[in-house]
Amino acid sequence: MNYSKQFLISLYEMMQKIRKFEQAAEQLFLDGKIPGFIHLYIGEEAIAVGVMAALNDDDYITSTHRGHGHMIAKGGNINLMMAELYGKVTGYCRGKGGSMHIADFSIGVLGANGVVGGGLPIAVGAGLGIKMKGTKQVAVAFFGDGASNTGAFHESLNFASVFHLPVIFINENNQYASTAKTKETTSVENISDRAVSYNIPGVTINGNNILSVFETTKEAVKRARDQGGPTLIEAKTYRIKGHFVGDPSKYRNNSEVNKFWEKEPIKIFEKQLLDWKVLNQKEINIISLKFDQQIKEAIKFAEDSPEPYPKDALTDLFIDDSGYDY
Amino acid sequence: MKVITFSEALGETILEEMERDHTIFTYGEDIGKQGGIFGAYKSLLGKFPDRIFDTPISEEVIYGSALGAALVGMRPIVEFHFADFLFTGIQSITLQIEKIRYMTGGQGKLHLILRGPDGVSNSAAAQHSESIETIFMHVPGIKIIIPSTPYDIKGLLKTALRSNDPVICFEHKSLYAQKGEVPEEEYLIPFGKADIKRPGQDITVVTMSRMVHESLKAAQELEKEGINLEVIDLRTLVPWDKETVIKSVQKTNRLIIAHETWRRAGWGAEIASTIQEEAFDFLDAPIIRIGARNVPMPFSPVLQNYVTPDKHNVVTAAKQLMEGI
């Protein structure tokens, strides 16, 4: 074990923080407190946390519609996130974005995205901008298995390869594109095989193994910072929850889902940390309580926050809106 | 004042601004080594090879990458090759560039420019002839500039390159070789400020791009018959200069709107509707809209000319408005 105890605990804590946030969001949605749709990251936490552990604060990411985990792992404020889920004026997007559009440009999160594949060209652009500026930053594009079948994916990989951009493509293969099985809708067994077409390294890893995600990303980030160009990493995982909260999930059965509850990343890592005596059960309980409390505070912040004024709908489109007909 | 072509004015604007601001860079298809498919970047050949370069034919990532580059602090100018091809990468514009600032509650500065040629030319047919500015007027989130002269492209592009909002710039293919006066000293043209290209008393013609020149030709012909057109070049469509149009209609009491894009639901409909809402009492006759016939652009020169508006449409409309006066 070549990791400090503190580092391992920080990974575990971050995964727990995401899980608790998502469990709370799910319940709040079912209770009718959150409008719109939410897409949960439960079961995929190791990817966001493992990737982000390999990044610096000034690196950039683009996220997806299933983006709460990315945001939290990059250092997002859960009070502002929860307020945004409620559509409150104190939220990250002042109630204009909701779950699918949470962003914090100041911490390098260039937006969740409601369009499958929509973030890939943006991350490539961030990489292009970094190259033009001549800094050592990198940009990471998170995207799902479904996005790997869009034109945006193929254009983005080719573009990033041709210009040797410092972009890391993180494919979160959770085996379902909305309700369609990835196996039935994708031409390759491993999405990382597609890297060959773009002359860049491609690797498939177990996305539920956080240390594997961290190590693989670290290597790709180093390559990108050393002007070695982009990498495609396919992190295989499983979407334990439906496509969205409330999804009737007619396309799969419970036994399939239950199988993956046994392989989910927090359970695996927790067992590892107990075996390694990095944490004991009592410390795990304390961590759990700590995040229960933080989430409770986030919910209170959101619920106590004011609604936007109706007229706030007519702000934030342009920086200079002189002469604009709203 | 010097006299230079539209593409020379465009080139010197980009050059001057790149020298002033090191975050500006420009990319797209056929611009680095060829100088643009219609020569827009001809005067830039060999300049700043690291900051002016060719890309793969990948519109969705070309447009979307402009957004990413802007968000990390750069000022990209993307050439879209043909306006028609905006459709091949349109999600990056209408679903990303036009929405991200609003969706995120006003985060970020989207200083990026999409620019390139549009319009009818020499039997380019249905997929290389379109004027689609109305679509971007309809979807909120991007400013639209449509210069018709070397003077206007320079002043408007300078403003765009110093603003912090996304801008799309349509340049009619027939304009690149046209010459006009451009001052030696620096000037900027604000958005939302129309230019009265020709003052007149009888009829207001609101127009842009190639149709500005067609309207001016029509005005010359009509002058001989004692009809005086006031030709207003809006220059920017988002925002558009309502005040100048209303003021003119208050004087002339008649309005023609002339554009090359399709007549049906073209931007002329928006202008017409606004004027009848806000200046109805000043109108002595129904507003006439001139635009292309509602078909894709045909190939045969005979057919192309039939569906594309020109000065004759303006002359006919003007005579119709003056009938019985």
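Residues numbered from 1 in each chain as written. Chains lettered and ligands numbered in written order. Predicted model: local features only at pLDDT ≥ 70, side-chain atom pairs only at ≥ 80, totals over all residues. Heavy atoms only, no water.

Caption draft 1: Representation of the packing of helix H4 (residues 78-85) of chain A against helix H11 (residues 281-304) of chain A. All names here are of chain A. At their nearest, the axes of H4 and H11 sit 8 Å apart, and the two run at 50° to each other. The angle between H4 and H11 falls in the class oblique. For the crossing formed where H4 meets H11, the hand is right-handed. For the pair H4 and H11, the contacting residues are Ile 78, Asn 79, Leu 80, Met 82 and Ala 83 in the first and Gln 294, Ile 295, Glu 297, Ala 298, Ile 299, Phe 301 and Ala 302 in the second. For the contact of H4 with H11, the residue count by class is 9 nonpolar, 2 polar and 1 charged. (Axes fitted to C-alpha atoms, helices over the stretch in contact; angles between N-to-C directions. Helix = DSSP H or I, 4+ residues; strand = E, 2+ residues; numbered from the N terminus. Parallel < 35°, antiparallel > 145°, perpendicular 65-115°, else oblique. Left-handed = near helix turned anticlockwise from the far one by under 90°. Contact = heavy atoms within 4.5 Å. Nonpolar A, V, L, I, M, F, W, Y, C, P; charged D, E, K, R; others polar.)

Caption draft 2: Structural context of the environment of Trp276(A). Examined against the element boundaries, Trp276(A) turns out to sit in the loop between helix H10 (265-275) and H11. Residue class for Trp276(A) comes out partly exposed when judged on its relative accessible area of 34%. (Buried < 20%, exposed > 50% of the residue type's maximum accessible area, 1.4 Å probe, protein only.)

Caption draft 3: A look at the interface of chain B and chain A. Listed as interface residues are 46 residues of chain B and, on the opposing side, 42 residues of chain A. Interface area, chain B with chain A, both sides summed: about 3,500 Å², of which 67% is carbon and sulfur. Scanning the region where chain B abuts chain A turns up 0 salt bridges. Between chain B and chain A we count 17 residue pairs in polar contact (both at pLDDT 80 or more) in total. Residue assignment for the side of chain B that touches chain A shows that the elements contributing at least two residues are strand E2 (24-28), strand E3 (52-54), helix H2 (59-71), helix H3 (90-97) and helix H4 (100-103) of chain B. (Buried area = accessible area lost by both parts, 1.4 Å probe. Salt bridge = Lys/Arg side-chain N within 4 Å of Asp/Glu carboxyl O. Polar contact = N/O pair within 3.5 Å; in protein donor to acceptor, adjacent residues only side chain to side chain.)

Caption draft 4: Looking closely at the sheet that holds E3(B). Residue and element names in this part refer to chain B. Judged by pairing direction, the sheet is mixed, and its 7 strands sit side by side in the order E3-E2-E4-E5-E7-E6-E12 without closing on themselves. The open sheet is flanked by E3 and strand E12 (236-238), the only strands paired with a single partner. Between one strand and the next, the sheet's axes are offset by a mean angle of 20°, whatever the strand orientation. As paired strands, E2 and strand E4 (residues 75-79) are joined by 5 bridges and run parallel to one another. Opposite Gly 28, over in E4, you have Glu 79 as the bridge partner. (Pairing = 2+ DSSP bridges.)

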